[in-house]
Amino acid sequence: MAHKLVIVESPAKARTIGGYLGQGYVVESSIGHIRDLPQSAAEIPAKIKDKWWGRFGVDIDNGFEPYYVVPRDKKSHMSKLKTLLKDADELYLATDEDREGEAIAWHLLDELKPQGIPVKRMVFHEITKPAILAAAENPRELAMDLVEAQETRRILDRLYGYEVSPVLWKKVMSGLSAGRVQSVATRMVVDRERERMAFRVASYWDLEGTFDAGASKEPRMFPAKLHSIDGARVAGGSDFGPDGLLKAKKGERVHLDRAGAEGLVAALRDTAYDVRSVEAKPYRRSPYAPFRTTTLQQEASRKLGMSASVAMSVAQRLYENGFITYMRTDSTTLSDAAVGAARAQVRELYGAEYLPDAPRTYASKVKNAQEAHEAIRPAGDSFRTPAQTGLTGDQFRLYELIWMRTVASQMKDAVGQSVSVRIGGAAADGRDVVFGASGRVITFHGFLKAYVEGTEGGKRSDDDQVPLPDLHEGDAVSAASLAANGHETKPPARFTEATLIKELEDREIGRPSTYASIIGTILNRGYVYKKGTALVPAWLAFSVIRLLEEHFPRQVSYEFTAGMEDVLDEIAAGRKDRESELAEFYFGSDAVTGLKPLVDGLGDIDARELATFPIGGPDSGIQLRVGRYGPYLEGPDDEGTPFARRANVPDDLPPDELTLEKATELLANPAGEEIELGVHPESGLQVVAKNGRYGPYVTEVLPEDAKKNDRPRTGSLFKSMSLDTITLDDALKLLSLPRVVGVDPESGEEITAQNGRYGPYLKKGNDSRSLTSEDQLLTIGLDEALRIYAQPKQRGRAAAAAPLKELGEDPVSKQPIVVKAGRFGEYVTDGEYNATLRKDDSVEAITLERAAELLAERRAKGPAKKAAKKTAKKAPAKKTAKKTAKKTTAKKTTKAAAKKS
DNA sequence: CAGTGAGCGAGCTTCCGCTTGACTT
């Protein structure tokens, strides 16, 4: 039976639209993008693997032509779509009408290759029956310029991420990442912390009083704050800069200290006051726009305490079950049906007096908004109240929030009056002193009756009312009480998930579908960690951001994405082209330095210097260094040699709390967490257990008068031991290592047993043998040791690893294939070739077919053994080369340092 | 950052955006 095939992006949307279109249409979804650049080495097509640009999946030499692949988990879905297309007499590409949606439509076309049937592009911005029917009636052509713009974005992000990340692997730490969005997000967090570190606290005092307007007034008492003295404003928090100094010129502000404030209180003891001025202004507040992704995330955080990712997954469930419209949107527009539903609900719940005459519309505040969807609102042509939904828990609370916000957006303004009053009097010493009071009275609540936005950090909320008595100029008032209060200025607050997302959106960085995952990325990389709701940058982020700022300033500038968006708009409009824009970004032009020359010219970045941060100024002799195992401090030892003593920095110590005082304290007690186990019966020294760079170990505490070259004995805990359970007995055994097992009667050499980097082993001169268990270190006797030495040195691990699984015979080599565990993880081998299991494989799930496939791939790369022999010969040379390279870098560093000094 | 004797299957990390289940517990 022939039908028209309609493809949208989301399965939930496909269900709804299928209902609207009815007979004759089959509506399916693409489930997002269906193709992408190859994500990892395993996905890169064989024919481009050897090209220098192969790892990007983009033919940089040939117009930046992308190589797209259908990822493995999308293949079955694509064959499903192909099957549906076979019986279709028409294809409607109904993906979202934005840059990404247009690209998905084109990918579908390019991959499905429909033969001999009409293909139409169908677009709509709201999922209502009339809108869908109208869209089906009025299809358009694919906008290829828009697709070009999307490809430019995609390729630029790939070049950025895959070119800059490896720089970090080499210079900072393996596995790190950089990207157009995540690096700027990280930079924001780091910059905020830098501001906090540079912040100098200012302290200031003021006076607060309760004033009495007389028995006839209601309210009779009201609060007021000191405003000015002899015509000069009293300095408050906002008058101080981050340097702790007054921003205003002298004379314009009075800076009160404690003595000044308390003196003024005393001088005002008998003062009579009168009202100097009363200024009333109308207060009017319009409702907030309906939710889009970012505002929903912010309010879910402020009011419901949900993280961005939790809010999104709860919203996803609401969407899939038909309670709300799509939750990843940058639009605040409501469909006509939604406006009607909201207005009906206002009339019903609050009455006609809360309903404005005309529907309210909200223009998008987001500059690069693509508006493919509606605002986030309750679904349907009439809204269900939260109680009518039958929802519970988080879904209920989030639905209620969305429902209230949507209804409130169609209500009248809140109106009232705000009043500002000045009260003056003369102090005993003749100074003229003015207090100020401000109040707000809301006479008509309007939308505030339904919805009040949450606030950050104690700011005044929209519906706060502070009533003042009805005062008039010249009225006499008295002070019922006066108090001097001390205050300190506060550094700028750290970002939270919600405020960082807001900042990113304001700067046009990131998209609704990615805001929550951006936070996830910078948390996962260890750039940032959470302390309560605050995002705190790790020292690692300081290193990385410093490198990026110094060497990729354009790419990590806050304006980079906004500039890119402008270019993409030009491409979408057909005024610029992909190739020349990407060429400028990658190779550079007269105006900008390209990414490739930047990366190629990085030879002598001094990784050491990047990771070093002076504490308390350059002359303190104390610095923080970011090492492979986390941050640590270097400071002067007892003889004053700078940077000679080291101490760990606790993982959860925020950078702005690492002051010179704190660093000195940490250096004075570098021990960290020590567990005292008791006294060594022979040496009389205290034995302690602690965590070190190589894991938990025990050691002796040397007395204070120990010579400088005295080193305490140490020993790693066996794997069977733990810091929680270790006893003094265990520790004494560990400290007894290395243990002399005996003397080889043949050579006269001593055989010792000890623990090392590769586990327990025996040592006789330069000849070593691995042991199978750590306990053998304590128990092995001379006879057994000699027996071990009698055998030839084992290749590989001491015990030949038994195969984990036998799979059967390889179809090509006719050899049995087995799975083994190796140093680099599990692998399959037929005895000649070895192939490591990929990410998606597991020992349990692997089949003979898959193993044969892996081995075939491996074989295709050429003879491993010959290659291995070749490299074995080459290897020493390579090592030497590396060493020389290191030396050269070191020399360069010294030169650079010399130049500087 | 406690200190330490090999000889081996290398292979891969990473971007941003668009979407859901697939897993396991």
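This structure is a prediction, so every number in the text was calculated from the model and none was measured.

### Brief notes about the overall build of chain A
Move 1: The secondary structure content of chain A amounts to 25 helices and 32 strands.
Move 2: Overall size of chain A, expressed as C-alpha extent along the three principal axes, is 115 × 90 × 60 Å.
Move 3: When burial is assessed residue by residue, chain A has 45% of its 901 residues classed as buried.
Move 4: Counting only contacts in chain A whose residues sit at least 6 apart along the sequence, the fraction spanning at least 24 positions is 64%.
Move 5: Counting only carbon and sulfur atoms, one obtains 50% of the accessible surface of chain A, whose full area is about 46800 Å².

### Comments concerning the sheet that holds strand β5 (residues 88-93)
Move 1: Read across the sheet, four strands follow the order β2-β1-β5-β6 without closing on themselves; strand pairing throughout is parallel. Among the strands making up the open sheet, the edge pair consists of β2 (25-29) and β6 (119-121). Taken pair by pair, the neighbouring strands of this sheet meet at an average axis angle of 25 degrees, ignoring direction.
Move 2: Two elements, strand β1 (residues 3-8) and β5, share five bridges in a ladder whose sense is parallel. Counted as the bridge partner of V6 is Y92 from β5.
Move 3: Running over the sheet, helix α1 (residues 11-21) touches β1 and β2 and is turned about 170 degrees from β2.
Move 4: The strands that helix α3 (residues 99-112) touches are β1, β5 and β6; relative to β6, the one it contacts most, it runs at about 170 degrees.

### Digging into helix α14 (residues 515-524)
Move 1: Looking only at α14, the buried set comprises Y515, A516, I518, I519 and I522. Seen along its axis, α14 keeps its buried residues to an arc of 160 degrees; they face one direction.
Move 2: G526 sits one or two positions beyond α14 and adopts a positive phi of about 80 degrees.

### Remarks on unusual backbone geometry
Move 1: Note that the residue after E218, namely P219, is joined by a cis bond; omega there is -5 degrees.
Move 2: By the secondary structure assignment, P219 is in the loop between β7 (203-212) and β8 (221-229).
Move 3: Note that the residue after L737, namely P738, is joined by a cis bond; omega there is -5 degrees.
Move 4: With respect to the helices, strands and loops of the structure, P738 is situated in the loop between α21 (728-735) and β25 (739-743).
Move 5: In this structure, I31 is a non-glycine residue whose phi angle is positive, near 55 degrees.
Move 6: Along the polypeptide, I31 turns up in the loop between β2 and β3 (58-59).
Move 7: You can call I31 partly exposed: its relative accessible area is 41%.
Move 8: Phi at E508 is positive, roughly 65 degrees, even though this residue is not glycine.
Move 9: Among the secondary structure elements, E508 is positioned in the loop between α13 (497-506) and α14.

### Let's talk about the UniProt feature "domain: Toprim" (unreviewed entry) in chain A
Move 1: UniProt annotation of "domain: Toprim" (unreviewed entry) refers to residues 3-127 when read in the numbering used here.
Move 2: The distance from the first to the last C-alpha atom of residues 3-127 is 21 Å, and the span holds 32% helix and 19% strand.

### Side note on the side chain of E581
Move 1: Summarising the element assignment, E581 is placed in helix α17 (residues 578-587).
Move 2: No salt bridge is formed by the buried E581; the nearest opposite charge belongs to K576, separated by 4.3 Å.
Move 3: Every residue in contact with E581, bar those within four places of it in the chain, is listed here: V567, I571 and K576.

### Comments concerning the domain arrangement of chain A
Move 1: We note that the domain assignment places domain 1 (3-35 + 70-142), domain 2 (161-199 + 493-600), domain 3 (203-286 + 415-488), domain 4 (293-412), domain 5 (611-650) and domain 6 (674-735) within chain A.
Move 2: A straight line from the C-alpha centre of domain 2 to that of domain 5 covers 29 Å.
Move 3: The partner domain 5 presents eight residues to the seven residues of domain 2 that form the contact.
Move 4: Across the domain 2/domain 5 interface, buried area totals approximately 700 Å², and carbon plus sulfur atoms make up 63% of it.
Move 5: When the area that domain 2 buries against domain 5 is broken down by residue, the three leading residues are W539, S543 and R546, summing to 68%.
Move 6: At the boundary of domain 2 and domain 5, one finds zero salt bridges.
Move 7: At the junction of domain 2 and domain 5, the tally comes to one residue pair in polar contact (both at pLDDT 80 or more).
Move 8: Split by residue class, the side of domain 2 that touches domain 5 holds five nonpolar, one polar and one charged.

### Focus: the sheet that holds strand β20 (residues 645-648)
Move 1: Taken in spatial order, the four strands of this open sheet run β17-β18-β19-β20, and their pairing is antiparallel. In this open sheet, the two strands that pair with only one neighbour each are β17 (612-614) and β20. Put simply, the sheet's adjacent strands are angled 25 degrees from each other on average, direction ignored.
Move 2: In this sheet, strand β19 (residues 630-635) lies alongside strand β18 (residues 623-627) in antiparallel orientation, the contact comprising five bridges. Bridge pairing in β19 places R625 opposite Y632.
Move 3: Along the sheet, helix α15 (residues 539-551) contacts β17, β18 and β19; its crossing angle with β17, the most-contacted strand, is approximately 105 degrees.
Move 4: Relative to β20, helix α20 (residues 660-668) is tilted by about 105 degrees, and along the sheet it contacts β19 and β20.

### Remarks on the side chain of S10
Move 1: Mapped onto the elements, S10 comes out in the loop between β1 and α1.
Move 2: The class for S10 is buried, based on a relative accessible area of 10%.
Move 3: Polar side-chain contacts of S10 include one of 2.8 Å to the side chain of Y319.
Move 4: Setting aside its immediate chain neighbours within four residues, S10 contacts S29 and Y319.

### Things to note about the packing of aromatic side chains
Move 1: Throughout the structure, instances matching the rule amount to 24 aromatic pairs.
Move 2: Centre to centre, the rings of Y160 and F560 are 6.2 Å apart; their planes meet at 70 degrees, and the pair counts as edge-to-face. A residue pair is termed long-range when its members are at least 10 positions apart, and Y160 in helix α5 (residues 144-171) and F560 in helix α16 (residues 560-572) qualify at 400 residues.
Move 3: Given the relative accessible area of 1%, Y160 is considered buried.
Move 4: The ring of W106 has R35 sitting right over it, with the charged end atom 5.6 Å from the ring centre.
Move 5: When the ring centre of Y789 is taken as origin, the NZ or CZ atom of K764, which lies over that ring, is 4.6 Å away.

### Re the pairing of β2
Move 1: Judged from the five bridges that link them, β1 and β2 form a sheet pairing that is parallel. Looking at the pairing, I7 lines up with E28 of β2.

### Details of the confidence of the model for chain A
Move 1: Scored by pLDDT, chain A has a mean of 87; 92% of the residues are at 70 or more.
Move 2: Of all secondary-structure elements in chain A, the lowest mean pLDDT belongs to helix α25 (residues 864-900), at 34, while α17 reaches the highest, 98.
Move 3: Confidence drops under pLDDT 50 across residues 796-800; counting only partners more than four residues distant or on other chains, this segment forms two contacts.
Move 4: Here residues 864-901 is a poorly scored stretch, pLDDT under 50, and it has seven contacts once near neighbours within four places are set aside; other chains count.

### Considering α3
Move 1: Over its 14 residues, α3 extends 20 Å from the first C-alpha to the last, a length consistent with the 20 Å expected when each residue adds 1.5 Å.
Move 2: The buried count for α3 comes to 11 of 14 residues, which makes it a mostly enclosed element.
Move 3: Structurally, α3 contributes buried residues whose contacts are with β1, α2 (72-86), β5, β6, α5 and α16.
Move 4: Of the residues trailing α3, K113 is marked for its positive phi of about 45 degrees.

### Re the packing of α2 against α3
Move 1: Their axes nearest at 11 Å, the elements α2 and α3 cross at an angle of 70 degrees. Considering the angle they form, α2 stands roughly perpendicular to α3. In contact with M78, L81, K82 and L85 of α2, α3 contributes L108, E111 and L112.
Move 2: Classifying every residue of the contact of α2 with α3 by side-chain character gives five nonpolar, no polar and two charged.

### A closer look at the pattern of salt bridges
Move 1: Counting across every chain of the model gives 51 salt bridges.
Move 2: When the shortest N-O distance is used, the salt bridge between R196 and D656 registers 3.0 Å. Here R196, found in helix α6 (residues 182-198), pairs with D656, found in the loop between β20 and α20; they are 460 residues apart in sequence, far enough to count as distant. In terms of burial, R196 and D656 fall into one category: buried.
Move 3: Residues D239 and R253 are paired through a salt bridge, measuring 3.1 Å at the closest nitrogen-oxygen approach. With a gap of 14 residues between them, D239 in the loop between β9 (232-234) and β10 (253-254) and R253 in strand β10 connect regions that are remote in the sequence.
Move 4: Residues joined in a network through salt bridges with shared partners are E65, E148, E151 and R578.

Basis of the calculations
Residues numbered from 1 in each chain as written. Chains lettered and ligands numbered in written order. Predicted model: local features only at pLDDT ≥ 70, side-chain atom pairs only at ≥ 80, totals over all residues. Heavy atoms only, no water. Helix = DSSP H or I, 4+ residues; strand = E, 2+ residues; numbered from the N terminus. Buried < 20%, exposed > 50% of the residue type's maximum accessible area, 1.4 Å probe, protein only. Contact = heavy atoms within 4.5 Å. Areas by Shrake-Rupley, 256 points an atom, 1.4 Å probe, with all protein chains shown as cover. Pairing = 2+ DSSP bridges. Axes fitted to C-alpha atoms, helices over the stretch in contact; angles between N-to-C directions. Arc of directions from axis to C-beta. UniProt positions renumbered as here; feature names shortened; annotations may be inferred. Lys, Arg positive; Asp, Glu negative; His and termini not counted. Salt bridge = Lys/Arg side-chain N within 4 Å of Asp/Glu carboxyl O. Domains from an automatic or database assignment. Buried area = accessible area lost by both parts, 1.4 Å probe. Polar contact = N/O pair within 3.5 Å; in protein donor to acceptor, adjacent residues only side chain to side chain. Nonpolar A, V, L, I, M, F, W, Y, C, P; charged D, E, K, R; others polar. Phe/Tyr/Trp six-rings, centres within 6.5 Å; stacked < 30°, edge-to-face > 60°. Lys NZ or Arg CZ within 6 Å of the ring centre and 35° of its normal. pLDDT = per-residue confidence, 0-100. Expected span 1.5 Å × (residues − 1). Parallel < 35°, antiparallel > 145°, perpendicular 65-115°, else oblique.

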